[in-house]
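# Survey of secondary and tertiary structure
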Amino acid sequence: LAKHISLTGFRNDIPAILPELDIFLFTSKTEGLGTSVLDALIANVSVVSTNAGGISEYLEHNKNALLAAPEDAEELAKNVLTLSNNPELKTQLSIEGRKTATRFSKKNMADTTHALYNDILSKNVVK
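Scoring rules and cut-offs
One numbering rule holds for all chains: residues counted from 1, following each sequence as written. For this predicted model, a pLDDT threshold of at least 70 governs which residues receive local features, and a threshold of 80 or more governs which side-chain atom pairs are given and counted, while totals over whole chains, interfaces and linings are taken from all residues. Calculated side-chain values reflect all of the structure's heavy atoms, with hydrogen atoms and water omitted. Whether two strands pair depends on DSSP finding at least two bridges between them. Put simply, DSSP marks the helices as runs of H or I at least four residues long and the strands as runs of E at least two long, and each gets a number from the N terminus on. Handedness of a crossover is defined as follows: with both strands directed away from the viewer, a clockwise route from the first strand across the helix to the second makes it right-handed. In these notes, a set of buried Ala, Val, Leu, Ile, Met, Phe, Trp, Tyr and Cys residues joined through side-chain atoms within 4.5 Å is what counts as a nonpolar core. Three exposure classes are used, based on accessible area relative to the maximum for each residue type with a 1.4 Å probe and protein chains only: buried under 20%, partly exposed in between, and exposed over 50%. Residues count as neighbours in contact if any of their non-hydrogen atoms are within 4.5 Å of one another. Both site types are read off a 1 Å grid over the protein atoms alone. A 1.4 Å probe that fits but cannot get out defines a cavity, while an open set with protein on both sides within 12 Å along at least five of seven lines defines a pocket; lining residues have an atom within 4 Å of a point. Grid points are joined across faces, edges and corners, and a volume is the space filled by probe spheres set on the points. Think of a salt bridge as a Lys or Arg side-chain nitrogen and an Asp or Glu carboxyl oxygen that are within 4 Å of each other.

### A look at the pairing of strand β1 (residues 23-26)
- Relative to strand β2 (residues 46-50), β1 runs parallel, the two being bridged by 4 bridges. When the sheet's bridge partners are listed, isoleucine 23 is paired in β2 with serine 46.
- Once you follow β1 into helix α2 (residues 35-42) and on to β2, the crossover reads as right-handed.

### Quick notes on the nonpolar core
- Ranked by internal contacts, the top residues of the largest apolar core, which has 16 residues, are Phe24, Val37, Leu41, Val47, Ile55, Tyr58 and Leu59.
- Of all the secondary-structure elements, those providing two or more residues to this core are β1 and α2.
- When residues in this core are grouped by element, the largest group, 4 residues, is from α2.
- When near neighbours in sequence (up to four residues on either side) are disregarded, leucine 41 contacts Val47, Tyr58, Leu59, Asn64, Gly97, Arg98 and Ala101.
- Counting residues in each nonpolar core, the second largest holds 8 residues, with Val48, Leu66, Leu83 and Leu89 among its members.

### Side note on the layout of surface pockets
- Looking at the largest pocket, its volume works out to about 980 Å³.
- As for the largest pocket, its lining consists of 25 residues, and the residues nearest its centre are His4, Ile5, Ser6, Leu21 and Ile23.
- Those elements that place two or more of their residues in the lining of the largest pocket are α1 (14-17), β1, α2, α3 (73-84) and α4 (87-102).
- Ranked by residue count, the leading element in the lining of the largest pocket is α3, at 4 residues.

### Regarding the pattern of salt bridges
- Under the definition given, this model contains 5 salt bridges.
- Salt-bridge contacts for lysine 78 lead to glutamate 75; the nearest nitrogen and oxygen are separated by 4.0 Å. A residue pair is termed a helical-turn pair when its members lie 3 or 4 positions apart in one helix, as lysine 78 and glutamate 75 do in helix α3 at 3 residues.
- Judged by relative accessible area, which is 49%, lysine 78 ranks as partly exposed.
- Across the pair lysine 107 and aspartate 111 runs a salt bridge whose closest N-O atoms are separated by 2.8 Å. Note that lysine 107 and aspartate 111 are positioned in helix α5 (residues 106-122) at a spacing of 4 residues, about one turn of the helix.
- A relative accessible area of 39% places aspartate 111 in the partly exposed class.

If you want it as structure tokens, here you go:
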């Protein structure tokens, strides 16, 4: 496996190396938003992930990633092989993934939160 997988240890240059990845494999059992997945999507890297926690709120199987249930190592491996053997699917998922990730930019998140607060305040819910 050493020819195919690099275990690098701690890195502080992730944005620089993400575009070099063939596939981003994310195997969490539980997860909040999964910002490292969003980082991979922004870098146009195809994602294979579990659908743990908040991941399923923005990743959709066969639309912008390939997903498996948490702890389903067999399905994760199958998904990695599927992407490795299907460059067209890999490209399609990375294009859709990048579109998805742009919804979570700092600006979009701030604008959405601001609009929500304004909506709440306009209804005099907060006194």
